[in-house]
Each structure stands twice: as structure tokens, then as C-alpha cells.
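Residues per chain are reported as follows:
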Amino acid sequence: MAAAAPQPPRRRLATEAPLSGTYTSLTAEHIPELAALLATPATSLLTTLAPARECGVTPVDAAELVAYNHDWMNKYRGRSACVVKPKSTAEVAAVVKYCAQQRIAVVPQGGNTGLVGGGVPVYDEVVISLANLNKIRSFDAISGTLVADAGCILEVLDNHVAEKGYMMPLDLGAKGSCHIGGNVATNAGGLRFLRYGSLHGNVLGLEVVLPDGRVLDGLSTLRKDNTGFDLKQLFIGSEGTIGLITGVSIITPRRPSAFNVAVFGLPSFEAIQTLFPRVKAHLGEVLSAFEFFDAASMTLVQGHASQQVRDPFEAKHPFYVLIETGGSNKEHDDAKLSSLLEDLMENSLISDGVLAENETQIAGLWTLREAIPEAANRAGAVYKYDLSMPVDKMNELVEVLRARFEEKGLLGEGKMFSTVVGYGHIGDGNVHINVVADKFTPEAEAQLEPFIYEWVSEVSGSISAEHGLGRMKGEKIGYSKSDVSVELMQSIKKMLDPHRIMNPGKVSWRLPVCLLACQRGAWQEKKSGCGLITEWHIAVSARRIVWPQGRDVLDSLSCCCISPRLHDSNDDPCFHPTSAHPA
Ligand SMILES: O=C(O)CC[C@@H](O)C(=O)O
Ligand SMILES: [Zn+2]
């Protein structure tokens with residue numbers, strides 16, 4: 001049989017038809033109406049971010065809203081002047097319906113632990129926080145089915161089901177603050193994906209508020225249901241762009257009664273590849289995690305983690321692997337792990353290994369791996385790349401990047417990048433590359449992108465294994481999805497959210513930009529003026545802007561100035577008077 005012709009690498013889309021639709025900015029008049037929908041005093045809905053004041057929104061209370069306007073990494077910043085915290089699905093639906101009628105854009109926000117800016121506003125969208133929607137609705141201890149509000153914290157749910165001998169099928173470093181609704185909306189993967197699989201398999205049903213305010217009541221608890229399309233799958237990983245998840249029904253697996261953890265030091269990445277099948281064969285079903293991190297990650301954790309993380313090895317190793325077992329017979333599993341360790345040492349497959357002897361040591365070893373993202377964040381401005389690819393390629397890109405930066409004199413103390421670290425989920429073919437810079441700058445980003453995306457596309461990988469596209473990678477979807485896939489996604493978006501009020505500027509949806517008019521040198525908001533920017537990094541030039549409302553808006557402006565500068569999030573995207581600003 002003739003060999004299959006090699007597939008051409010997937011490329012970024014050359015053209016992308018912008019979706020039509022507009023939204024208006026929130027004004028002081030909307031506030032009492034929103035408050036009435038929530039039975040909340042208007043004053044607690046509105047705050048004074050400086051840009052909001054410039055837009056003419058009445059200042060009331062600034063401090064509270066700041067946290068909702070930026071992400072965990074301080075990379076993405078919005079200027080929402082309004083956060084609502086509904087306490088029921090009906091309240092969420094009422095707010096969304098109102099916003100749809102008024103054409104006000106909204107951004108759903110869970111625990112705000114996302115890593116791609118998907119949960120923070122881009123401009124002045126109303127933030128719908130799910131924090132007050134936090135009740136556990138039911139748990140069936142026979143089937144292990146949990147039904148919970150979207151705002152429930154993952155760890156709270158895990159503790160709840162633990163009482164009945166179950167566990168949540170996903171586990172993340174952010175479990176103490178992330179919400180289950182956010183986990184589902186981003187299709188979070190996490191540390192135990194290897195054993196329990198994706199949320200696409202574990203979620204049994206969803207309750208979703210659609211962009212027009214209708215409620216899709218799909219909170220099924222059935223394992224099997226073949227009646228028509230499985231609509232919930234559409235919302236898993238949709239990042240709040242076609243609906244707002246308010247309730248989740250999920251199957252939970254039995255909680256293993258015995259956990260153990262071992263960490264190995266290895267001489268090379270090739271050794272990890274030899275190790276993985278061997279460990280799978282030796283441990284079988286009890287293997288619940290197989291994580292790796294490189295020497296640079298270990299150094300980062302030693303220097304920057306908030307908690308003390310002791311390196312358990314006497315010598316330094318180029319790579320480390322952490323494996324976790326979760327079984328039902330502690331003695332049996334411990335013996336299996338010890339014999340594995342002996343076997344690996346005898347056959348020189350690892351350089352060294354440590355086995356936890358108690359729960360404190362288990363937690364300590366896990367911290368070596370789990371503290372890496374936090375340590376990177378504390379070390380500086382961190383550019384994060386969350387990539388899927390064949391396992392044998394996972395470390396290559398890390399090395400390619402280091403070599404590239406070293407050659408250009410960009411890597412090291414006092415240089416553009418202080419370190420490049422690689423770690424992740426070997427079992428899932430998912431590498432996390434964190435590049436630490438002094439600060440977020442367009443120059444630093446230009447050293448990383450599109451190079452990384454092109455490289456990933458060449459090896460037929462995915463530019464987002466588990467964090468989503470959010471604000472960071474929306475425009476990059478074409479590196480991992482075909483034109484036809486994106487077209488279908490756009491059709492669905494158009495059908496469900498014709499006014500594009502749901503989480504604009506995220507996933508692959510073009511950003512509607514509030515139009516600012518500059519009249520006699522003062523910034524003023526034109527409330528009805530929203531345009532679609534058709535290119536990134538542009539400042540000014542009306543002919544590059546598509547005016548959904550027609551000529552009248554354009555004619556009413558003497559001049560305009562827009563500079564999204566999304567890559568440099570320390571600059572306010574909307575209020576950026578540049579030299580290109582027309583006189
Ligand atoms: O921060 C990152 O880049 C990765 C975060 C998370 O997915 C992890 O695996 O620890
Ligand atoms: Zn991860």
C-alpha cells in the first residue's frame with residue numbers, strides 16, 4: 001500500500017469574515033435597572049475606574065472592582081465599571097436578557113484563575129460573577145452523580161463528595177479558588193486527566209443561560225441519552241462565548257483509599273519516554289498522574305515559590321518525573337511502587353528516586369510540581385504556552401526557544417528573558433512552556449509569537465491543550481483548526497449570539513471596539529459608536545474600521561483614535577493617546 005501523502009502544516013487563516021453586530025457601553029442609566037433585576041442597591045454595582053469616569057459614568061466605589069478587571073497574572077486588564085453577582089439562575093437570566101435587549105456586552109467570570117484572559121473584560125463589558133451561585137444541588141451516592149451551581153469551588157466539591165467515598169474527576173493547582181462552571185467553560189484538564197479523562201466525558205449535563213436570556217435546562221444525570229444532538233458538548237470549552245453556564249451535573253469516580261507519590265531524577269528527556277510505557281505496564285490502573293518538569297523549573301520553584309519547597313535530591317538532574325498512584329490497598333501499592341523504583345534504578349532508567357512515606361511527604365512532592373506556575377508568576381511577567389503535541393516533541397520546543405534566545409543574547413540575568421521552563425502532563429502529551437520576562441512588552445511577545453504557534457502547527461499540535469484561547473489566542477485559532485471548523489463555529493456563534501454580547505474578544509470572535517472620539521483634545525465616549533477593528537495594532541484610520549451602524553456615526557466624529565495594544569496589557573486598550581492620534 002502506498003504511504004499516505006504528508007499533510008501540509010496547518011496555517012493561520014489568511015482571511016476571516018468579521019461577524020456583524022454591535023454593543024453599547026454601559027451608562028449610569030443602566031445601573032438602577034440592573035440593580036432592580038438583582039434586588040441589589042445600585043451603589044454596589046457601579047465603581048469608578050478612571051476610564052469609566054472619563055466615559056461619563058458616575059463614580060461611586062472604585063476599589064472593589066479592580067480585582068474583576070485583571071487576571072491572575074496581571075497580564076490582561078479591562079475597564080468594566082459594573083460587576084453583578086446574581087444569586088440564582090433566574091437572576092443570571094434576567095441580567096443577560098436585559099443586556100441583550102440593551103446590547104450591552106457581558107463577560108462571565110468564575111474564580112478568575114484562567115491563564116489566557118478569557119474571564120476578564122476587554123473594555124467595559126458588564127462582569128457577571130458566578131461567586132454567589134454556589135450551592136450544591138444534589139449528590140447521589142449510588143451513582144456518584146453530583147449536581148452543583150456553577151460558582152461552587154472545585155475543592156469544596158471534592159471535599160463534599162469525599163465524605164461519601166468519591167472524588168472530583170479533575171484536580172488543578174487552582175482547586176482552592178477555581179469554580180466548576182469555569183472549569184467546564186474552559187474544559188480544564190489538570191493533573192489527573194491521564195486517569196479520569198476529559199470533562200467532555202465526565203459532564204452529564206449543563207444548565208446554560210443563552211445570550212438572549214433563555215435558560216437551556218440540560219442538567220441531566222443520565223449516563224446514557226441518545227436523543228438528538230448532545231448540546232452540552234458545545235458549551236464545554238466554549239469559554240463563555242455562546243452561553244453562560246449556571247449549573248453542572250458531573251459523574252464522580254470512587255475515591256482511591258490509598259495514594260502514593262514518587263519523584264524520579266532523569267538524565268534526559270528520552271529517558272522519560274522510555275520510562276512512561278514501563279511505568280504504565282508496571283502499575284497498571286492505579287497510575288493516576290505522570291508529570292514531568294525540567295531542571296529550570298526545579299530552580300524556579302526553589303527560588304520563588306511562596307512556600308518552602310525542599311529539593312529531595314542530593315544532586316541536580318536535567319529532568320524530573322512525578323508519578324502518583326491511587327488504589328485500594330496501601331501496602332500492595334507501596335510494594336509495587338518500591339519494586340518499580342528498584343527495577344528502574346537497577347536498569348539505569350532513572351538516576352535517582354524518592355518515595356513519599358506519609359501524607360506530608362506526598363504533599364511536599366506534589367508541591368515541587370504544582371508550585372511551578374506560581375513560582376514563574378512571582379519571578380516576573382510570565383508568557384505561558386500550553387501546547388499539545390506528540391510526546392517526543394515536547395521538550396524540543398523548549399530547547400529550540402532557549403537556543404534561539406541565547407543566540408540573540410536575550411536569555412539570562414538582566415536580559416529580556418530570565419528563564420524558559422518546560423513542564424507538564426506527559427501522559428496527555430501536554431507541555432507547559434513558561435517564559436519569564438521582566439515585563440510584558442510587544443518586543444518580548446514578538447520574540448515568542450508567531451514562532452511558537454508556527455512550530456506547533458508544523459508538528460500538527462494544538463496551540464491550546466487545556467487553558468483555552470481566551471483573549472490571548474483568539475486570533476490564532478487557525479494554527480490548530482481548519483477554515484471549515486472556524487466557519488462552523490462562527491455560524492453557531494452567529495445563531496446563538498447575533499448581537500455578540502457574550503464575552504466579546506475571546507476565542508475567535510473579533511473584537512468590537514468602543515469608539516472614542518477626540519474632540520478638542522478631550523476624550524469622550526460616543527455611546528452608540530462601536531466599530532470592528534479589522535487589524536491588530538492599528539491606531540486611527542477610519543477606513544480600516546467597519547461601521548455596523550452606518551455612516552452617520554462616522555460622520556458625527558471629527559476624528560478618532562483607537563489603539564487596542566492588547567499585547568501590552570499594562571496600557572489601557574481603550575485610552576491610549578498615541579502619536580498617531582490625528583490633530
Ligand atoms: O501555568 C501554567 O502554564 C500551567 C498551569 C497548569 O495547567 C498546570 O499544569 O500546572
Ligand atoms: Zn496543566
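Residues numbered from 1 in each chain as written. Chains lettered and ligands numbered in written order. Predicted model: local features only at pLDDT ≥ 70, side-chain atom pairs only at ≥ 80, totals over all residues. Heavy atoms only, no water.

Looking at an unreviewed UniProt entry, the chain carries the name FAD-binding PCMH-type domain-containing protein, with the source organism given as Tilletiopsis washingtonensis. As recorded by UniProt, the Sequence similarities (unreviewed entry) comment attached to the chain reads in full: "Belongs to the FAD-binding oxidoreductase/transferase type 4 family." Taken verbatim from the UniProt record of the chain, the Catalytic activity (unreviewed entry) comment is "(R)-lactate + 2 Fe(III)-[cytochrome c] = 2 Fe(II)-[cytochrome c] + pyruvate + 2 H(+)". (UniProt positions renumbered as here; feature names shortened; annotations may be inferred.)

Q: Where do I start with the pairing of strand β9 (residues 258-266) in this structure?
A: Regular strands place side chains that alternate from one sheet face to the opposite one. Most of β9 is tucked away, with eight of its nine residues classed as buried. Taken together, the four bridges between β9 and strand β12 (residues 352-355) define a ladder with antiparallel strand orientation. From the neighbouring strand, Val263 faces β12, where its bridge partner is Val354. (Buried < 20%, exposed > 50% of the residue type's maximum accessible area, 1.4 Å probe, protein only. Helix = DSSP H or I, 4+ residues; strand = E, 2+ residues; numbered from the N terminus. Pairing = 2+ DSSP bridges.)

Q: What is the right way to read the sheet that holds strand β5 (residues 145-149) from this model?
A: Each strand in a sheet pairs with another by means of backbone hydrogen bonds, the pair being arranged parallel or else antiparallel. One open sheet holds the five strands; their spatial order is β4-β5-β8-β6-β7, and the pairing between them is antiparallel. Strands with a single pairing partner mark the edges of an open sheet, and in this sheet they are β4 (136-140) and β7 (215-218). Shown here is a sheet whose adjacent strand axes are inclined to one another by a mean of 10°, direction ignored. With five bridges connecting them, β5 and strand β8 (residues 244-251) associate as antiparallel partners. Following the sheet pairing, Thr145 is matched in β8 by Ile251. Sitting on the sheet, helix α4 (residues 89-102) is in contact with β4, β6 (203-209), β7 and β8, with an inclination near 45° to β6. (Axes fitted to C-alpha atoms, helices over the stretch in contact; angles between N-to-C directions. Contact = heavy atoms within 4.5 Å.)

Q: Just to check I follow, could you spell out the site of ligand 1 for this structure?
A: Residues in close proximity to ligand 1 include Leu115, Arg369, Pro373, Lys384, Tyr423, His425, His432, Asn434, Glu466 and His467, which together make up its full environment. At a separation of 3.1 Å, an oxygen atom of ligand 1 approaches a polar side-chain atom of Tyr423. In the environment of ligand 1, an oxygen atom lies 3.0 Å from a nitrogen or oxygen atom belonging to the side chain of His425. Look at ligand 1: alone it shows 290 Å² of surface, and the protein chains cover 86% of it. In the shell around ligand 1, the residues fall into three nonpolar, four polar and three charged. (Near = heavy atom within 4 Å. Polar contact = N/O pair within 3.5 Å; in protein donor to acceptor, adjacent residues only side chain to side chain. Areas by Shrake-Rupley, 256 points an atom, 1.4 Å probe, with all protein chains shown as cover. Nonpolar A, V, L, I, M, F, W, Y, C, P; charged D, E, K, R; others polar.)

Q: For this particular structure, what's the right way to read the coordination of the zinc ion (ligand 2)?
A: For a metal with four donors in a tetrahedral arrangement, the ideal angle between donors is 109.5 degrees, while six donors in an octahedron ideally sit at 90 or 180 degrees. Those protein atoms acting as donors to the zinc ion (ligand 2) are His425 (NE2), His432 (NE2) and Glu466 (OE), and they sit at 1.8 to 2.1 Å. As a motif over one chain, the donors of the zinc ion (ligand 2) read H-x6-H-x33-E. Taken together, the residues span a long stretch of sequence, with His425 in strand β14 (residues 417-425) and Glu466 in the loop between α17 (451-458) and α18 (483-496) at a distance of 41 residues. Assigned by exposure class, His425 and Glu466 land together as buried. (Donors = N, O, S within 2.8 Å, 3.2 Å for Na, K, Ca; no water.)

Q: Please explain the side chain of Asp158 as it appears in this structure.
A: In this fold, Asp158 is placed in helix α5 (residues 154-162). Relative accessible area serves as the criterion here: at 17%, Asp158 is assigned to the buried category.

Q: Honestly, the packing of aromatic side chains in this entry has me stumped. Any pointers?
A: The description of two aromatic rings rests on the distance between their centres and on the angle between their planes. This model, assessed by the stated rule, comprises 10 aromatic pairs. Between Tyr383 and Phe440, the ring centres sit 5.2 Å apart and the planes meet at 85°, which makes this aromatic pair edge-to-face. You can see Tyr383 sitting in strand β13 (residues 381-388) and its partner Phe440 sitting in the loop between β15 (430-437) and α16 (442-448), a full 57 residues away along the chain. Linked through ring pairs, Phe269, Phe292 and Phe319 together constitute an aromatic cluster. A cation over an aromatic ring shows up here: Lys280 above the ring of Phe276, its NZ or CZ 4.3 Å from the ring centre. Residue placement shows Arg404 over the ring face of Phe451; its charged tip is 3.8 Å from the ring centre. (Phe/Tyr/Trp six-rings, centres within 6.5 Å; stacked < 30°, edge-to-face > 60°. Lys NZ or Arg CZ within 6 Å of the ring centre and 35° of its normal.)

Q: Sorry if this is basic, but what is going on with the nonpolar core here?
A: Ranked by internal contacts, the top residues of the largest apolar core, which has 62 residues, are Phe264, Ile323 and Ile433. In terms of residue count, the dominant contributor to this core is helix α10 (residues 269-283) (seven residues). Residues within four places of Ile323 in sequence aside, it is in contact with Asn260, Val261, Ala262, Phe264, Val279, Leu283, Leu287, Ala289, Phe290, Leu337 and Leu340. By size, the runner-up hydrophobic cluster in this structure holds 29 residues, among which are Ala150, Val161, Phe235 and Ile245. (Core = buried A, V, L, I, M, F, W, Y, C linked by side-chain atoms within 4.5 Å.)

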